[in-house]
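Here is what each chain is made of, one letter per residue.
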Amino acid sequence: MKEAGAVGRIWTFPELSVLLIFGFYWMPSERQVGHTMLCLTPSGFSEHRRAIRLCQDQFENLEKHTQWGIDFVERYTKFVKERSEIELNYAKQIRNLSKKYQPKKNAKEEEESKYTWCRAFFTSLNELNDYAGQHELIAENMTSQIIAELTRYIQDLKSERKTHFQDGRKAQQHIENSWKQLEQCKRNFERACKEADRAQQYFEKMDADYNVTKADVEKARQQAQLRHQMASDCKSEYSNYLQKFNQEQTEHYHTLIPNIFQKIQDMEERRIERVGESMKTFAEVDRQILPIVGKCLDGMTKAAEGIEPKTDSAQVVESYKSGFEPPGDVEFEDYGQAMKRTVSETSLTNSRSESKPDKSSKGKKLFFFKKNKGSNPEDFSHLPPEQRRKKLQAKIDDINKDIQKEMDQRDALAKMKDVYVKNPQMGDPSSVDPRLAEIAQHIDKLQAELQKFEGWLAEVEGRMPTRSESSHRQSAVFETQNSTPPASNSQDRESSPDGSYTEEQSSELQPKAPPEPEFDEFEDDMLPTIGTCKALYPFEGHNEGTLALAEGEVLFVIEEDKGDGWTRVRRNEEEEGYVPSSYVEVFLDSNAKGCYLWD
């Protein structure tokens with residue numbers, strides 16, 4: 001800065017304006033200005049414009065950065081939302097999988113629930129369903145604790161950011177307007193100084209010219225004084241506005257702008273802190289369900305450890321055991337002593353041809369054996385004794401449950417009737433009587449059915465053999481079939497179809513051809529016998545193609561069990577049929593070729 005000196009001294013703008021970079025301000029004193037003509041150079045104004053432009057650039061940078069921060073929060077919110085949707089879809093798929101393999105409400109479910117490995121699987125399905133519920137809880141907590149909170153915060157953040165930058169733009173606009181007003185005062189002062197200088201020079205020129213009248217000189221002097229007064233007024237106006245501008249500029253760059261920048265900085269720090277808290281919550285939501293997920297997995301492990309192979313195998317044995325005792329040893333049966341002569345092939349052929357019925361009679365005796373297993377008898381007589389006992393017991397339990405249910409309903413209606421009797425306004429007591437009569441009739445019907453099944457159960461339990469009884473029966477059969485009559489009495493005995501020998505008054509034994517089998521319309525000859533069998537239990541044989549049995553009855557076996565549980569037997573020449581294999585004891589004869597004796 002140059003020293004203040006004589007008239008015509010030129011003052012530079014930095015001496016009258018603001019040193020923006022360092023924040024210092026300088027204002028010339030009244031003594032220094034005096035009546036001096038001030039000349040402002042354009043360099044100081046350029047520096048101030050550069051400062052204003054720099055401030056605007058900083059606002060634009062902060063505006064871009066804060067907008068990028070808001071975009072990041074929105075992107076993170078979208079990320080959490082997609083994660084929540086993934087958890088929901090996963091939980092839905094797990095629930096559908098668990099539901100798909102859940103047992104159906106039928107008899108098969110009751111059968112499966114007996115085994116520990118089935119129960120373990122059902123427990124695992126239930127635990128898996130709870131596991132899916134924890135993933136639904138993750139999605140719910142993320143939605144409520146992160147997505148909803150961040151969505152509200154983003155709205156508040158946008159509003160706060162908008163307010164701060166609006167305040168900044170207003171401050172910038174105000175300082176720019178003040179700067180323009182200062183420039184206008186400066187230009188007015190500069191123009192007034194130039195006009196005062198020209199008026200002073202014209203006055204001096206007129207005063208030195210002797211040819212000019214005194215009036216012209218006085219006029220020029222007055223004009224110069226007027227111009228100097230105008231310059232002095234412009235100087236005062238400029239000086240006052242400069243002081244005002246400097247104060248506003250000081251407040252702008254030291255108070256307003258720093259406060260706005262500080263608010264923006266605080267806003268940005270709060271945004272970053274909120275993002276960090278959301279990320280922490282994102283992890284905590286998963287951590288909170290880990291104990292329950294661990295319990296679900298422990299439940300699956302415990303269910304798997306509870307599987308008992310021996311118990312399950314014992315259940316299978318209990319479910320399918322028949323109640324029969326294993327047969328005893330097969331004794332030797334000697335039929336040689338009962339034969340008087342050797343039956344030749346020719347005589348056997350002739351006997352078979354003689355005993356073969358004609359075509360007309362064959363059509364009348366021929367019938368088909370059918371195993372009609374579609375409709376089982378009501379008393380389950382088609383089953384082995386142990387299985388039949390279980391079925392009857394289960395049926396009795398079901399009937400008892402139905403009776404109890406009907407009785408509970410009857411008691412409830414009776415109480416309702418009592419209430420109606422005591423309080424007629426609540427209802428008509430007689431309106432309950434038809435329903436009570438219907439229930440009573442149904443109970444009587446169920447009790448009658450219960451007595452019927454209990455009778456069958458008592459019959460089965462009374463006839464089921466123990467090991468000693470079974471052995472006694474087998475030995476009795478063997479003794480009966482293996483008893484050999486003396487040779488002297490062979491003429492007085494004949495062979496009966498049940499394999500035993502009875503006393504008869506016939507003179508001799510005549511071999512007979514076996515009767516024709518009547519099970520197939522495409523065969524002309526009867527099947528030969530391959531052994532005998534003894535009925536252990538009675539069998540009614542209601543179905544077509546079956547043969548009724550009496551306990552202890554001995555029959556001929558003409559076809560073994562093919563794996564379907566039925567054995568084909570013959571009682572006499574006219575009666576053939578199928579009987580349950582579990583109801584008879586079979587004694588196969590490997591020497592039987594279809595030759596046996598008839599009277």
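Preceding this paragraph is the structure being described.
Parameters and conventions
- Residues numbered from 1 in each chain as written.
- Predicted model: local features only at pLDDT ≥ 70, side-chain atom pairs only at ≥ 80, totals over all residues.
- Heavy atoms only, no water.
- Helix = DSSP H or I, 4+ residues; strand = E, 2+ residues; numbered from the N terminus.
- Buried < 20%, exposed > 50% of the residue type's maximum accessible area, 1.4 Å probe, protein only.
- Contact = heavy atoms within 4.5 Å.
- Areas by Shrake-Rupley, 256 points an atom, 1.4 Å probe, with all protein chains shown as cover.
- Pairing = 2+ DSSP bridges.
- Axes fitted to C-alpha atoms, helices over the stretch in contact; angles between N-to-C directions.
- Core = buried A, V, L, I, M, F, W, Y, C linked by side-chain atoms within 4.5 Å.
- Polar contact = N/O pair within 3.5 Å; in protein donor to acceptor, adjacent residues only side chain to side chain.
- Phe/Tyr/Trp six-rings, centres within 6.5 Å; stacked < 30°, edge-to-face > 60°.
- Lys NZ or Arg CZ within 6 Å of the ring centre and 35° of its normal.
- Salt bridge = Lys/Arg side-chain N within 4 Å of Asp/Glu carboxyl O.
- Parallel < 35°, antiparallel > 145°, perpendicular 65-115°, else oblique.
- Nonpolar A, V, L, I, M, F, W, Y, C, P; charged D, E, K, R; others polar.
- Patch = residues over 30% accessible without salt bridge, like charges linked within 9 Å, V, L, I, M, F, W, Y side chains within 5 Å.
- Disulfide = S-S within 2.5 Å.
- Expected span 1.5 Å × (residues − 1).

Moving on, we get to the overall build of the protein chain. Within the protein chain, the secondary structure is distributed over 12 helices and nine strands. Burial analysis of the protein chain (599 residues in total) assigns 35% to the buried set. Long-range pairs, those at least 24 residues apart, make up 77% of the contacts in the protein chain between residues at least 6 apart in sequence. Working note: accessible area of the protein chain is about 36,600 Å², and carbon and sulfur atoms make up 53% of it.

Pairing is antiparallel across the open sheet formed by five strands, whose spatial order is β8-β7-β6-β5-β9. The strands lining the two open edges of the sheet, one partner per strand, are β8 (576–580) and β9 (584–588). When the angles between neighbouring strand axes are averaged without regard to direction, this sheet yields 40°. Bridge count for strand β5 (residues 531–535) against strand β6 (residues 554–559) is four bridges, and the pairing is antiparallel. Bridging from a neighbouring strand, T532 pairs with F556 of β6.

As a further point, take the nonpolar core. Inside soluble globular proteins, nonpolar side chains tend to come together where they are buried. Core analysis: the biggest nonpolar cluster contains 31 residues, and F59, Y76, V80, M142, I146 and F282 have the highest contact counts within it. Breaking this core down by element, the ones donating at least two residues are α3 (42–100), α5 (116–208) and α6 (214–305). Of all the elements, α5 adds the most residues to this core, at 13 residues. Setting aside its immediate chain neighbours within four residues, V80 contacts M142, I146, I147 and F282.

This next bit is on the side chain of S581. Along the chain, S581 turns up in the loop between β8 and β9. A polar contact of 3.3 Å, which involves the side chain of S581, links it to the backbone nitrogen of W566. Filtering out sequence-adjacent residues up to four positions away, S581 remains in contact with D561, G565, W566 and T567.

What follows is about the packing of aromatic side chains. Taken as a whole and assessed by the stated rule, the structure comprises 14 aromatic pairs. On the numbers, 5.5 Å between centres and 45° between planes, the contact of W179 with F245 is tilted. Linking W179 in helix α5 with F245 in helix α6, this pair joins segments that are 66 residues apart in sequence. Classification of W179 by relative accessible area gives buried; the value is 2%. Here Y537 and Y583 contribute two aromatic rings whose centre-to-centre distance is 5.7 Å and whose plane-to-plane angle is 75°, an arrangement assigned as edge-to-face. Taken as a pair, Y537 in the loop between β5 and β6 and Y583 in the loop between β8 and β9 lie far apart in primary sequence, 46 residues in all. Taking the relative accessible area as the measure of exposure, Y537 reaches 5% and is therefore buried. These aromatic residues form a ring-pair network of at least three members: Y537, F539, W566 and Y583. Of note, R274 hangs over the ring of Y153, and the distance from its end group to the ring centre comes to 4.5 Å.

Taken as a whole, this structure holds 22 salt bridges when the rule is applied. Where E87 meets R83, a salt bridge forms, and the shortest distance between an N and an O atom there is 2.9 Å. Taken together, the positions of E87 and R83, both in helix α3 and four residues apart, correspond to about one turn of that helix. Judged by its relative accessible area of 8%, E87 is buried. Residues participating in the shared-partner salt-bridge network are E559, R568, R570 and E576.

The next thing to look at is the packing of α5 against α6. Running from N to C, α5 and α6 cross one another at 170°; their axes reach a closest spacing of 7 Å. The angle between α5 and α6 places the two elements in the roughly antiparallel class. In terms of residue class, the contact of α5 with α6 is built from 48 nonpolar, 21 polar and 21 charged.

This brings us to a nonpolar patch on the surface. Together, L97, Y101 and F121 line one region of the surface with nonpolar side chains, adding up to about 290 Å² of accessible area. Assignment of secondary structure puts L97 in helix α3. By relative accessible area, which is 38% here, L97 ends up partly exposed.

Position of L547 among the secondary structure elements: in the loop between β5 and β6. Residue L547 is classed as buried on the basis of its relative accessible area of 7%. Sequence spacing of L547 and G577 is 30 residues, and the spatial spacing of their C-alpha atoms is 4.7 Å. Discounting chain neighbours no more than four positions away, the residues touching L547 are F539, G541, L555, V569, R571, E575, E576, G577, Y578 and V579.

Once that is clear, we can look at the pairing of β5. The buried fraction of β5 amounts to five of the five residues, a majority that puts the element mostly inside the structure. On β5, burial covers both faces: G531, C533 and A535 on one face and T532 and K534 on the other are all buried.

Turning to the environment of L436, a few remarks are in order. Summarising the element assignment, L436 is placed in helix α11 (residues 433–463). Distance from L436 to D411, taken between C-alpha atoms, is 9.3 Å for residues 25 residues apart in sequence. The residues contacting L436, other than those within four sequence positions of it, are R410, L413, A414 and K417.

This next bit is on the state of the cysteines. Following the criterion strictly, the structure yields zero disulfides and no others. Note on C193: no disulfide assigned, nearest cysteine sulfur contributed by C234 at a separation of 7.7 Å.

With 38 residues, helix α10 (residues 385–422) should cover 56 Å at 1.5 Å per step; its first-to-last C-alpha distance of 55 Å lies within 8% of that length. Taken as a whole, α10 has its buried residues at P385, E386, Q387, R388, L392, I396, I399, I403, E406, L413 and Y420.

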